[in-house]
Amino acid sequence: MDSLKLSVMEKKDFLESARVLSIAMLINPLHVAVFLGNGEKERIEIEIMLCERGIELPGIVFLA
């Protein structure tokens, strides 16, 4: 990796970001074990979890 760019994520971008993260996290073996699968149902569970954490702890989730 030659360069790294950091930018501030706005609240309006969070739902789309949660969706993208849920797709990326779905193939992680740890998440497959925790959510007992890697289908659309599990992806939605991850997305909901990220959205809930984003409301409760925005600074920590946004950093992820």
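Quantities reported herein were computed from a predicted structural model and do not represent experimental measurements.

**Regarding helix α1 (residues 14–25)**
- Spanning 12 residues, α1 covers 16 Å between terminal C-alpha atoms, matching the ideal 16 Å at 1.5 Å per step.
- Turning to α1, its buried residues are F14, A18 and S22. Along the long axis of α1, the arc covered by the buried residues comes to 80°, so they all point the same way.

**So, unusual backbone geometry**
- Despite not being glycine, L36 shows a phi value in the positive range, around 60°.
- The residue L36 is located in the loop between α2 (29–35) and α3 (40–56) in this model.
- With a relative accessible area of 74%, L36 lands in the exposed category.

**Description of the nonpolar core**
- F14, A18, L26, F35, I46, L50 and C51 together form the largest nonpolar core, which totals 7 residues.
- Mapped onto this core, the elements with two or more residues apiece are α1 and α3.
- The element best represented in this core is α3, accounting for 3 residues.

**A word on the pattern of salt bridges**
- In this structure the tally under the stated criterion is 4 salt bridges.
- For K41, the salt bridge is made with E45, and the minimal N-O distance between the two is 3.0 Å. Highlighted residues: K41 and E45, both in helix α3, separated by 4 residues, approximately one helical turn.
- Between E47 and R43 there is a salt bridge, and its shortest N-O distance comes to 2.5 Å. Taken together, the residues E47 and R43, both in helix α3 and 4 residues apart, mark about one turn of the helix.
- Residue R43 is classed as buried on the basis of its relative accessible area, which comes to 9%.
- Several salt bridges converge on common partners, so that one network encompasses E40, R43 and E47.

Rules and cut-offs
Residues numbered from 1 in each chain as written. Predicted model: local features only at pLDDT ≥ 70, side-chain atom pairs only at ≥ 80, totals over all residues. Heavy atoms only, no water. Helix = DSSP H or I, 4+ residues; strand = E, 2+ residues; numbered from the N terminus. Expected span 1.5 Å × (residues − 1). Buried < 20%, exposed > 50% of the residue type's maximum accessible area, 1.4 Å probe, protein only. Arc of directions from axis to C-beta. Core = buried A, V, L, I, M, F, W, Y, C linked by side-chain atoms within 4.5 Å. Salt bridge = Lys/Arg side-chain N within 4 Å of Asp/Glu carboxyl O.

The values reported here are purely geometric and, on their own, carry no functional implication.
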